[in-house]
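Below, each chain spelled out in residue letters.
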2 protein chains.
Amino acid sequence: MSINTLVNAIRAKNNPTVAGLDARLEYIPSYIVEKNITVYGKTLQAAAESMWEFNKGLIDALYDIVPAIKPQAAYYELLGPDGARVLRDTVSYAHEKGMYVIADIKRNDIGATATAYAQAYLGESEVGGLSLPVYNCDSCTVNAYLGSDGINPFLTECKNSNRGIYVLVKTSNKSSGEFQNRDMEGKPLYVRMAEKVAKWGEELMTECGYSEVGAVVGATYPEEQKIVREIIPHGYFLVPGYGAQGATAKDIANAFNDDGLGAIVNSSRGIMCAWKKCDLDYQEAARQEAIRMRDDIVSAIR
Amino acid sequence: MSINTLVNAIRAKNNPTVAGLDARLEYIPSYIVEKNITVYGKTLQAAAESMWEFNKGLIDALYDIVPAIKPQAAYYELLGPDGARVLRDTVSYAHEKGMYVIADIKRNDIGATATAYAQAYLGESEVGGLSLPVYNCDSCTVNAYLGSDGINPFLTECKNSNRGIYVLVKTSNKSSGEFQNRDMEGKPLYVRMAEKVAKWGEELMTECGYSEVGAVVGATYPEEQKIVREIIPHGYFLVPGYGAQGATAKDIANAFNDDGLGAIVNSSRGIMCAWKKCDLDYQEAARQEAIRMRDDIVSAIR
């Protein structure tokens, strides 16, 4: 699925948000976890089955109003090979429901290894001359500390398969300035990174006016959002930090272009854990929070 | 397994090298791949079973002379959930044979997500109050572009479980200078990174005189090796780039301290693909290449 498809879905649903599917067991209602422990014992499989059930329930509750999901690889890796299966199946289930998938993997390596990552998440794996999809996501996050050698293999895969990447530029966390905001030969590192992202994106422009190469820019830094927006006018921003990390809809307005497009805002815990703050079941609570978030963000950008 | 154990093994085997287990199918002798395709069809499972057989064979051929393995996560992820199983089982098999395991995962995230990665690779996953090992490696590589927020959760896990990390400082690839060598307020970024690594390592010093916090410093940059060696005297260096990437034993001498310790040099394709350059089977070819590499490196540092 290309960035065009995502932009069309954002327009159709009037909703520039993505649901982070990053379940730790404590985010999942205990009746689900207990049921699976009864069946599978206290095992990683029980945890993985719980996550799978929770993910499916969230996708069912959200797919008609939210255009995309963002599974965070760490929480799947925490459950070993069973978690890997849940990641693969969650992507597949989201696709069945027409959702775009951003794999939040923050991978970074060089040459053949970067190619292997790109094929694993965006492309296919070849066995005996047959090409097989693996995790089959539509896009993924990457870290470019290693320079172009780490990004070019992803660009190649994006060209081959109409997929996309989001390069870490200015992350949402408190210590992101330790390196990213320090001056590098006249400009902060995050600006240097943003300039590279704009360059890498040039060859992957699509008909919607946006490139398959976007940037991760934290909602918690509105000033930096504005600066990066000017450097990468044609890149989509993946924006973490809304809600649980403290950023408001107003903080995010700078991430959008005048066309009301150009950014997709993530909420993970806000949506997953909405049931903890009310008397609704987790599906209805997630849906209501997704609607609240959509309206909150749309009102701030239009 | 702590860095102490690795240092003891390096001393006992007089061998400061690590075998990279990064198999793509084309690195595996075709009789193994064809046999598994016959059994499992042209599937990711066939590929994964081939990788598992190849890895076991390499570990059997190397464990008495090489102290450590370094599986590169990308090649396991390329085979989906079956690849995740092979990664877990390879780590376990290497441990049975007494080898130290460096998971080359270059992970980077913040807060709870970084904790999930640290638990997945170095710690344990909790299900219903029971703590279960997941990938159970002895150390892993990490990327610190996100600053201390991305590293502290790993340090916590290293303290809890006597494990280690190697932070990317100066990578071996050609474009690593695009960011890493540019001046950041008076010093190159890789020097700034090295200074942080030295700091992060202070609280994780062990009896062998080295910290659980080390650095990745490419063999292809001997000058930078020397500079980083001075900044991080007590950190172990994981050194990629020997052989296939063009660096020689002489290029690596700067990575070592005067005690002949302080670095572990990786070879992946050199060992895995040794059989392609001779008439020996892959196990004997790998062993001979590992011995040649050991002698080559030991002669350059003593």
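Predicted model only: the values in this text are computed from it and were never measured.

Examining the overall build of chain A
Phase 1: Within chain A, the regular secondary structure consists of 13 helices and 12 strands.
Phase 2: Scaling as 2.2 N^0.38, a compact globule of 302 residues should have a C-alpha radius of gyration of about 19 Å, and chain A matches this with 19 Å.
Phase 3: Within the span of chain A, comprising 302 residues, buried residues form 64% of the whole.
Phase 4: Put simply, of all contacts in chain A between residues at least 6 apart along the chain, 73% involve residues at least 24 apart.
Phase 5: Carbon and sulfur atoms make up 47% of the accessible area of chain A, which amounts to about 10400 Å² in all.
Phase 6: Positive and negative side-chain charges of chain A, numbering 31 and 38 respectively, have mean locations separated by a distance of 3 Å.

Considering the sheet that holds strand β1 (residues 17–21) of chain B
All names here are of chain B.
Phase 1: Strand order in this closed barrel of 8 strands is β1-β2-β3-β6-β7-β10-β11-β12, and the pairing throughout is parallel. Taking each pair of neighbouring strands and ignoring which way they run, the sheet shows an average axis angle of 30°.
Phase 2: Across 5 bridges, strand β7 (residues 164–170) lies against strand β10 (residues 211–217) in parallel orientation. In the strand pairing of β10, Leu168 is matched with Val216.
Phase 3: Running at roughly 165° to β7, helix α9 (residues 189–201) makes contact with β7 and β10 of the sheet.

A word on the interface of chain A and chain B
Phase 1: Contacts between chain A and chain B engage 72 residues on the former and 71 residues on the latter.
Phase 2: For the pairing of chain A and chain B, the buried interface totals around 6000 Å² over both sides, and the portion due to carbon and sulfur atoms is 58%.
Phase 3: Counting the contacts that link chain A with chain B gives 8 salt bridges.
Phase 4: One salt bridge connects Lys196 of chain B with Glu178 of chain A, and the closest N-O pair in it is separated by 3.2 Å.
Phase 5: Between chain A and chain B we count 47 residue pairs in polar contact (both at pLDDT 80 or more) in total.
Phase 6: Examining the composition of the side of chain A that touches chain B, we find that 7 residues originate from one element, helix α6 (residues 111–121) of chain A, more than from any other.
Phase 7: The residue inventory of the side of chain A that touches chain B, partitioned by class, reads 35 nonpolar, 18 polar and 19 charged.

As for the nonpolar core
Phase 1: In terms of nonpolar packing, the biggest core is built from 230 residues, with Tyr121 and Ile165 of chain A together with Tyr121 and Ile165 of chain B touching the most fellow members.
Phase 2: In this view, Ile165 of chain B contacts Leu122, Ser139, Cys140, Val142, Ile151, Phe154, Leu155, Cys158, Glu212, Val213 and Gly214 of chain B; residues no more than four positions away in its chain are not counted.

A closer look at the relation of the copies chain A and chain B
Phase 1: Between chain A and chain B, which share one sequence, the superposing operator has a rotation angle of 180° and an axial displacement of 0.0 Å; the RMSD is 0.0 Å. Such a turn and shift between the copies fits a two-fold axis. Minimal C-alpha distance to the rotation axis in chain A is attained by Met184 of chain A, lying at 2.2 Å.
Phase 2: When the interface residues of chain A are mapped onto chain B, 99% of them again fall at the interface, so both copies present the same face.

Digging into the packing of helix α5 (residues 80–96) of chain A against helix α5 (residues 80–96) of chain B
Phase 1: The N-to-C vectors of α5 of chain A and α5 of chain B enclose an angle of 165°; their axes lie 8 Å apart at closest approach. Of the possible angle classes, the one that applies to α5 of chain A and α5 of chain B is roughly antiparallel. Like other packed secondary-structure pairs, α5 of chain A and α5 of chain B cross with a definite hand, here right-handed. Across the interface between the two elements, Pro81, Ala84, Arg85 and Arg88 of chain A from α5 of chain A touch Pro81, Ala84, Arg85 and Arg88 of chain B from α5 of chain B.

Quick word on the pairing of strand β11 (residues 235–239) of chain A
Residues and elements named next belong to chain A.
Phase 1: Most of β11 is tucked away: 5 of the 5 residues are buried.
Phase 2: With burial as the criterion, each face of β11 is covered, one bearing Gly235, Phe237 and Val239 and the other bearing Tyr236 and Leu238.
Phase 3: Strand direction decides the pairing type here: strand β10 (residues 211–217) and β11, joined by 3 bridges, are parallel. The residue of β11 that forms the bridge with Val216 is Leu238.
Phase 4: For the segment spanning β10, helix α10 (residues 222–231) and β11, crossover handedness is right-handed.
Phase 5: In this structure, β11 lies alongside strand β12 (residues 263–267), joined through 3 bridges in parallel fashion. The residue of β12 that forms the bridge with Val239 is Val265.

Focus on the environment of Tyr100 of chain B
All names here are of chain B.
Phase 1: As for its position among the elements, Tyr100 is in strand β3 (residues 100–107).
Phase 2: Exposure remark for Tyr100: the relative accessible area of 1% places this residue in the buried category.
Phase 3: When the C-alpha atoms of Tyr100 and Val7 are compared, they prove to be 10.0 Å apart, with 93 residues separating the residues in sequence.
Phase 4: Not counting residues up to four positions away in its chain, the partners in contact with Tyr100 are Met1, Ser2, Leu6, Pro67, Ala68, Ile69, Asp138, Ser139 and Tyr166.
Phase 5: Here Ser139 takes part through its side chain, which lies 3.2 Å from a polar atom of the side chain of Tyr100.

Digging into α5 of chain A
All names here are of chain A.
Phase 1: Across its 17 residues, α5 extends 25 Å between first and last C-alpha, which sits within 8% of the 24 Å expected from 1.5 Å per residue.
Phase 2: For α5, the set of buried residues is Gly80, Pro81, Gly83, Ala84, Val86, Leu87, Thr90, Val91, Tyr93 and Ala94.
Phase 3: Count one or two residues on from α5 and you reach Gly98, which has phi positive near 80°.

Notes on the packing of helix α2 (residues 30–40) of chain A against helix α3 (residues 44–62) of chain A
All names here are of chain A.
Phase 1: At their nearest, the axes of α2 and α3 sit 8 Å apart, and the two run at 140° to each other. Classified by the angle their axes make, α2 and α3 are oblique. When you trace α2 past α3, the crossing you get is right-handed. On α3, the residues touching Ile32, Val33, Lys35, Asn36, Ile37 and Tyr40 of α2 are Gln45, Ala46, Glu49, Ser50 and Glu53.
Phase 2: Taken together, the residues of the contact of α2 with α3 break down into 5 nonpolar, 3 polar and 3 charged.

Concerning the packing of aromatic side chains
All names here are of chain A.
Phase 1: Across all of its chains, the model carries 8 aromatic pairs over all chains by this definition.
Phase 2: Taking the centre distance of 5.0 Å and the plane angle of 40° together, the rings of Phe54 and Tyr282 count as tilted. On the criterion of sequence distance, the pair formed by Phe54 in helix α3 and Tyr282 in helix α13 (residues 282–301) is long-range, its members being 228 residues apart.
Phase 3: Owing to a relative accessible area of 6%, Tyr282 belongs among the buried residues under this scheme.

Re helix α10 (residues 222–231) of chain B
All names here are of chain B.
Phase 1: Within α10, burial applies to Glu224, Gln225, Val228 and Arg229. Along the axis of α10, the buried positions cluster into a sector of 140°, meaning they face one direction only. Among the exposed residues of α10, those oriented more than 90 degrees off its buried face are Glu223 and Glu230.
Phase 2: Summarising the contacts, the buried residues of α10 are in contact with β7, α9, β10 and β11 (235–239).

Digging into the sheet that holds strand β1 (residues 17–21) of chain A
Residues and elements named next belong to chain A.
Phase 1: Reading around the circumference, β1-β2-β3-β6-β7-β10-β11-β12 is the order of the 8 strands in this closed barrel, with parallel pairing throughout. On average, adjacent strands in this sheet sit at an angle of 30° to one another, irrespective of strand direction.
Phase 2: Where helix α9 (residues 189–201) meets the sheet, it contacts β7 (164–170) and β10, and its direction lies at approximately 160° from that of β7.
Phase 3: Sheet strands touched by α13: β1 and β12. Its angle to β12, the strand with the most contacts, is close to 145°.

Calculation notes
Residues numbered from 1 in each chain as written. Chains lettered and ligands numbered in written order. Predicted model: local features only at pLDDT ≥ 70, side-chain atom pairs only at ≥ 80, totals over all residues. Heavy atoms only, no water. Helix = DSSP H or I, 4+ residues; strand = E, 2+ residues; numbered from the N terminus. Rg over C-alpha atoms; globule rule 2.2 N^0.38 Å. Buried < 20%, exposed > 50% of the residue type's maximum accessible area, 1.4 Å probe, protein only. Contact = heavy atoms within 4.5 Å. Areas by Shrake-Rupley, 256 points an atom, 1.4 Å probe, with all protein chains shown as cover. Lys, Arg positive; Asp, Glu negative; His and termini not counted. Charge placed at Lys NZ, Arg CZ, Asp CG, Glu CD. Pairing = 2+ DSSP bridges. Axes fitted to C-alpha atoms, helices over the stretch in contact; angles between N-to-C directions. Buried area = accessible area lost by both parts, 1.4 Å probe. Salt bridge = Lys/Arg side-chain N within 4 Å of Asp/Glu carboxyl O. Polar contact = N/O pair within 3.5 Å; in protein donor to acceptor, adjacent residues only side chain to side chain. Nonpolar A, V, L, I, M, F, W, Y, C, P; charged D, E, K, R; others polar. Core = buried A, V, L, I, M, F, W, Y, C linked by side-chain atoms within 4.5 Å. Least-squares fit on C-alpha atoms with pLDDT ≥ 70 in both. Parallel < 35°, antiparallel > 145°, perpendicular 65-115°, else oblique. Left-handed = near helix turned anticlockwise from the far one by under 90°. Right-handed = clockwise from strand over helix to strand, strands pointing away. Expected span 1.5 Å × (residues − 1). Phe/Tyr/Trp six-rings, centres within 6.5 Å; stacked < 30°, edge-to-face > 60°. Arc of directions from axis to C-beta.

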